[in-house]
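# Structural description and commentary
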Amino acid sequence: MKMSTKGLQLTAVAALLAVTAACGSNGGNDAAGTASQGAAASPAASGSADSAGEKPTLRRLTVWQDQDPNTYPVAQMLEEKTGYKVKYDTLPQDKAADKLNLLMASGEAYDTVHYAADMALYSDYAQKGALTDLTPLIEQYGPNIKKAISQQSMDALKIDGKLYALPSMLTYKVGSSILIRTDWLDKVDMDMPTTTEELKAVLKAFKEQDPGGHGDQDVPLTMNGDNAFLDSIVGAFGMPNTWNDVDGELVPRLLDPSYKDYVGYMADLYKEGLIDNQFVVNKGATTKEKFSSGQAGAIVIHWADIPSIDEALKKNEPNATFAYVGALKGPGGEAGFSGNAGFDRLTFIPKASKHPEDAIKWIDATLEAETFKELAVGEEGVHYTVENGAFMPILPIFNDERNLANNYMSGTDEANYPLYWQARVHKNPVMFEAFDQLNNQQPDEVKISNPLGLAPYMPNYAKYNQQLETMVADYTIKLIAGADSLSGLDAFQAKYKAAGEEASAKEINDWYATAAK
Amino acid sequence: MRSRTLGDRTLDAFTYLVLIAMGLITLLPFANVVSKSVSEEWAIVSGKVGLYPIGFQLDTLRYVVTNSQFLHSLWISALVTVIGTLASLVVTAMTAYPLSKRELPGMGVIIVLFIFTMMFNGGIIPNYLLVRELNLIDHLGALVLPALVSVFNMLVIKSYFESLPASLEESAKLEGARNFTILFRIVLPLSGPVLATIGLFYAVYYWNDYFNPMIYINSTSLKPLQLYLQDIVMNADTSSLNRSAEELMNVPAEGVRAATVIASTIPILLVYPFLQKYFIKGVLIGSVKG
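Residues numbered from 1 in each chain as written. Chains lettered and ligands numbered in written order. Predicted model: local features only at pLDDT ≥ 70, side-chain atom pairs only at ≥ 80, totals over all residues.

With that settled, the discussion passes to the overall build of chain A. Counting secondary structure elements, chain A contains 21 helices and 17 strands. Residues classed as buried in chain A amount to 51% of the 517 residues present. (Helix = DSSP H or I, 4+ residues; strand = E, 2+ residues; numbered from the N terminus. Buried ≥ 20, exposed ≤ 12 C-beta atoms within 10 Å, placed from the backbone.)

Below, the structure is given as C-alpha cells:
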C-alpha cells in the first residue's frame, strides 16, 4: 500500500465505480442498499417524521473552493434563513468527477450534490437509478422552486419524463476571443480587424513595424500548444464548436469540409512568423506572460482572466490598451463564437439521501426570492449598491463574503439572477468592459450555441471523446507548425474514424435528429 | 599515507566544484517557488520572477498561513504524521524483533508471507472495500491503518536488530529481564539510528500521502495538507479556456499557490535537522566493552 499505488491513480478509482456500482444497484450491499431503501420508503413514511421532529442536519457535497465551505459567510446566512444546519463537503479540484463517481457508487448519504452541469454524468446517474425523482417532491414542497426555475429549464433536464436535478442557469454566452493591443493598432495606423484577411494584415504590420519596441522578442499573436483552435478564427471557418452542424448532421472539426481551410490559414500565419514561433511548447501561463509583459500583440483569452493580465500589463506598459476582436468573417462569410449552451451547474438529490424531503424544503427555502437575492449578492449597502439598475459590488467585502456564493445555489432565480450575477463582473471595470464587448455588443447570430451543450449521456462519445479531442489537437498543432502536411489528411481521418469517431457520430446524430425537432 | 600531488588536489577541487554546482542546480526550482511566494502578483503573471523576488512582499505568505483551511489541514497532517509515525514505529519494531531471532519456529514461512505482500497486493478496489467495511471511510484511521507496517522498513529494522551483539541480550537475561523488557529497555534504545531513519521514512510518507486521503476522506474538516495543496496547485494545470468564468474569477493567484507550496513544505523540512544527529552518532559506541 505504499508507492506502488500512486501509479495506478484514479483510473483504478474509476474502475472501482464499476464494481461498487454493481454492488449498489442490486441492493445487496449494506451501505448503498439500506440508504436507497430508506429513500424509497421515505415518501410515505417520513412525512410525519419530518413535521414532528426537528430539522435534521443536511449533508451537501459541492465543488471545490479555497475557503472552508462550512465557515464561509453564505453558509451561516443560509442557516439563519432556512433553519437547516448543513454540513458541506467539497470535491477535489482535480479529478472531481472520479471522486464523485466513487461517492455515488459507494452510496454516501448526501442530501444534495452540487456539480458542474455535466449532462453525460447526470443522465448516466439518472439511468442507473442513483438519483431521486424531484417532480413529486417539488409538487409538494417546492412553491419557490416552481416560481424560480422556468418550465423550459426543467423540461430540458427531464430524463424519461422524470426530473432528477435542478439547474443553475448559464449567465453568459461567450467566453473568449482574441484580445488585441489597441495601442499597437494605433501605432501601425490600422483599424480593428473584422475579417481573417484583415487580421492577417494587422499581424503582419505588428511584425514589420514592431509597435511593441522589443524587436525580435515581440510576437504578433501568441498561442499555446494545448489550444489548436483559436476562438473567433475557427468560427470564421464555420467551426466554432467541436461538433458543428454541416447540412443537418453534426460533424467534428477534423471531418469538417472547412478544416483544410482553417489549417491552411493558420499554417500560413505561422510560416510568415505571425504566430509565436514557440507556440507548440507554450502553456497557457506562457502566453499570458508574453501578453502581460508587453511582448505579444494579441492573445486568445477568457474575459474572466483579464483582471490579472490587466494589472500586470499596466505595470509593465502603463500606456497599453486592449480590446477584443469581434467575430471575424472568414473567406466564406461565416463568423461566430462558441456559445455556451445548457446549464452551468446541476444540483441533485442522490437516492442514498436520508432526508430527500428536507433537502427539497431546504432548496425551496434558498430559492425564496429575497433569500436568493441575499445569497447571490448580499445586503444592499453592505455588499452591493444599485446604480442605474445595475448591481455594483462593494469591495472588498463582496469578494470576501459573496465570491463563492454560486457554490451554495441549488438552482437559480432565473428572472433575476443574470442581473445579480453581473455584480461579479463589475468587480473589475476592465473585465466588465471585455465581458460587455463579447456578450452584449456582439450580435446574437454570431453566438453559436454548442449543439452538444444539452446532449445526454452517450456511451461511445463519453468513452472516446477525450481521446479523439487529443488526437485532433495534436494533429492540428503539427499541421500548423508545418511538421506534417495536409496530404496525409485522408489517412488520418480514416484513423480518426476508426478510433471511435464513427461510433460517436452515430450516437450523436441519432440524438441530434430527435433533438433538432 | 601517500602524499597528495597537485594533480590529485586539482582533481578533487574540480570534483567538488562540479558536485556543488549540481547540488545548487537542484535548488533552482525551489528558489523559483520561494521567489514567487514573496513577489508581487503582476511580476509573476508577466513572467519576470526567476531566482529572486520582484517587488518583495509578505502579504501572500501571510494570507496563506492565516487561511483557516490551510491551518486546519496543517493540523490534520501534523496529527496523522505524528500518530502514524509513532504507531508505525512501534508496530514495525515489534514485528521485526521476533523475526530477528533465528530460533523462531517457522520463521522462513513467516518471512516469505511478509515478502509476498511486498510483491503482490489486492489492489485499490479490495482495499477500498475493506476500508469501507471497517467503517473507516471519512475517518483518519483510514490514513494510518493501511500504511501501518511497511515490510521493507520492517526488514531494515530486522537486519539492524540482528546486527546487535547477542551478548547484550544474554547478559540482560542473566539479570532476569524478560523479552519485553529487553526489547524496550535494551534493544530499542540501542536502535536510535535505524529508528530515526525509518521514523523519517514513515513521517515523510504520512506527510506526503495524498492518495489515501483523496480516496477515503470526504469531510472538509478531515482533509490533510497535501489534499489542500493538490487542490490549490492543480488549478494551474487545467487549460483556462475550458473553464467557467466563475472558476476563473476565483482561481487562486499564482503567488498564492507558490506561497502555499512553501508554507506546506517547511514543516517537514524542519524535521530533518532534528533527526540529523542520529544519522551521525554511532550509538553502539561504548555499549559493549571489549
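Here the narrative resumes.
So, about the packing of helix α5 (residues 107–119) of chain B against helix α8 (residues 151–163) of chain B. Residues and elements named next belong to chain B. Two numbers describe how α5 lies on α8: the axes approach to 9 Å, and their chain directions differ by 140 degrees. Judged on the interaxial angle alone, α8 and α5 are oblique. From α5, Phe114, Ile115, Thr117 and Met118 reach across to α8, where they touch Val151, Phe152 and Met154. (Axes fitted to C-alpha atoms, helices over the stretch in contact; angles between N-to-C directions. Parallel < 35°, antiparallel > 145°, perpendicular 65-115°, else oblique. Contact = placed C-beta atoms within 7 Å.)

Quick look at the environment of Gly294 of chain A now. Residue and element names in this part refer to chain A. Mapping Gly294 onto the fold places it in the loop between α13 (284–292) and β11 (296–302). A count of 23 C-beta atoms within 10 Å places Gly294 in the buried class. The spatial distance from the C-alpha of Gly294 to the C-alpha of Ala312 is 9.3 Å, given a sequence separation of 18 residues. When sequence neighbours within four positions are dropped, the list of residues in contact with Gly294 reads Gly212, Leu313, Asn316, Glu317 and Ala320.

Quick look at the packing of helix α4 (residues 68–99) of chain B against α8 of chain B now. All names here are of chain B. Packing of α4 against α8 brings their axes to within 8 Å, and their N-to-C directions diverge by 50 degrees. Judged by the inter-axis angle, α4 sits oblique to α8. By crossing handedness, the relation of α4 to α8 is classed as right-handed. In this structure, α4 contributes Thr92, Ala93, Thr95, Ala96, Tyr97 and Leu99 to the contact, and α8 contributes Asn153, Met154, Ile157, Lys158 and Phe161. (Left-handed = near helix turned anticlockwise from the far one by under 90°.)

Let us look at the UniProt feature "transmembrane region" (unreviewed entry) in chain B. With numbering matched to this structure, UniProt assigns "transmembrane region" (unreviewed entry) to residues 12–31, 74–97, 109–130, 142–161, 182–207 and 256–275 of chain B. The annotated region residues 74–97 of chain B carries 100% helix and 0% strand content, and the separation between its end C-alpha atoms amounts to 34 Å. (UniProt positions renumbered as here; feature names shortened; annotations may be inferred.)

Residue and element names in this part refer to chain A. Burial within strand β6 (residues 165–169) is extensive, with five of its five residues counted as buried. Of the two faces of β6, the one carrying Ala165, Pro167 and Met169 and the one carrying Leu166 and Ser168 are both buried. Sheet topology note: the β6/strand β14 (residues 343–348) ladder contains five bridges and is antiparallel. Residue pairing across strands places Leu166 opposite Thr347, the latter belonging to β14. (Pairing = 2+ DSSP bridges.)

At the interface, 41 residues of chain B touch 52 residues of chain A. Contributions of two or more residues to the side of chain B that touches chain A are made by α2 (41–45), α4, α6 (124–133), α12 (211–216), α13 (225–234) and α14 (245–249) of chain B. Partitioned by chemical class, the residues of the side of chain B that touches chain A number 19 nonpolar, 17 polar and five charged. (Nonpolar A, V, L, I, M, F, W, Y, C, P; charged D, E, K, R; others polar.)

All names here are of chain A. In terms of domains, chain A is made up of domain 1 (8–171 + 342–376) and domain 2 (176–339 + 447–515). Contact with domain 1, which involves seven residues of that partner, is made by six residues of domain 2. Looking at the side of domain 1 that touches domain 2 element by element, the count peaks at five residues for helix α5 (residues 119–127). Considering only residue class, the side of domain 1 that touches domain 2 consists of three nonpolar, three polar and one charged. (Domains from an automatic or database assignment.)

Residues and elements named next belong to chain A. The strand order β2-β1-β3-β14-β6 describes an open sheet built from five strands, whose pairing is mixed. The outermost strands of the open sheet, each flanked by one partner alone, are β2 (86–90) and β6. Ignoring strand direction, the axes of neighbouring strands in this sheet form an average angle of 20 degrees. Looking at chain direction, strand β1 (residues 58–62) and strand β3 (residues 112–116) are connected through two bridges and run parallel. For Arg60, the partnering residue across the bridge sits in β3 and is Thr112. Against the sheet, helix α15 (residues 356–366) touches β1, β3 and β6, its axis set at about 65 degrees to β1.

Another aspect to go through is the environment of Glu401 of chain A. All names here are of chain A. Mapped onto the elements, Glu401 comes out in helix α17 (residues 397–402). Sequence separation of Glu401 and Gly330 is 71 residues, and the distance between their C-alpha atoms is 45 Å. Not counting the four nearest positions on each side in its chain, Glu401 is found in contact with Pro73, Gly378 and His383.

In this section: the sheet that holds strand β12 (residues 322–324) of chain A. Residue and element names in this part refer to chain A. With respect to topology, four strands assemble into an open sheet ordered β8-β11-β7-β12, the strand pairing being mixed. Edge strands, defined here as strands with exactly one partner in the open sheet, are β8 (219–222) and β12. Taken pair by pair, the neighbouring strands of this sheet meet at an average axis angle of 20 degrees, ignoring direction.

Residues and elements named next belong to chain A. Most of β1 sits out of view: five of its five residues are buried. Neither face of β1 is exposed, since Leu58, Arg60 and Thr62 on one face and Arg59 and Leu61 on the opposite face are all buried. For the crossover from β1 across helix α3 (residues 73–82) to β2, the handedness is right-handed. (Right-handed = clockwise from strand over helix to strand, strands pointing away.)

All right, on to the environment of Asn144 of chain A then. All names here are of chain A. Along the chain, the position of Asn144 falls in helix α7 (residues 143–148). Of the residues examined, Asn144 has 21 C-beta atoms within 10 Å and is grouped as buried. Residues Asn144 and Leu367, spaced 223 residues apart in sequence, show a C-alpha to C-alpha distance of 5.8 Å.

Attention now goes to unusual backbone geometry. Cis geometry marks the peptide bond from Leu395 of chain A to Pro396 of chain A, where omega comes out at 0 degrees. Secondary-structure assignment places Pro396 of chain A in the loop between β16 (390–393) and α17. In this structure, Asp189 of chain A takes a positive phi of about 60 degrees despite not being glycine. Here Asp189 of chain A is to be found in the loop between α9 (182–187) and α10 (196–209). Positioned with a positive phi, Asp138 of chain B is a non-glycine residue whose angle comes to about 60 degrees. On the basis of neighbour counts, which here come to 15 C-beta atoms within 10 Å, the residue Asp138 of chain B falls in the partly exposed class.

Now for α13 of chain B. Extensive coverage of α13 of chain B is indicated by the burial of seven of its 10 residues. Within α13 of chain B, the full set of buried residues consists of Leu225, Gln226, Leu227, Tyr228, Leu229, Asp231 and Ile232 of chain B.

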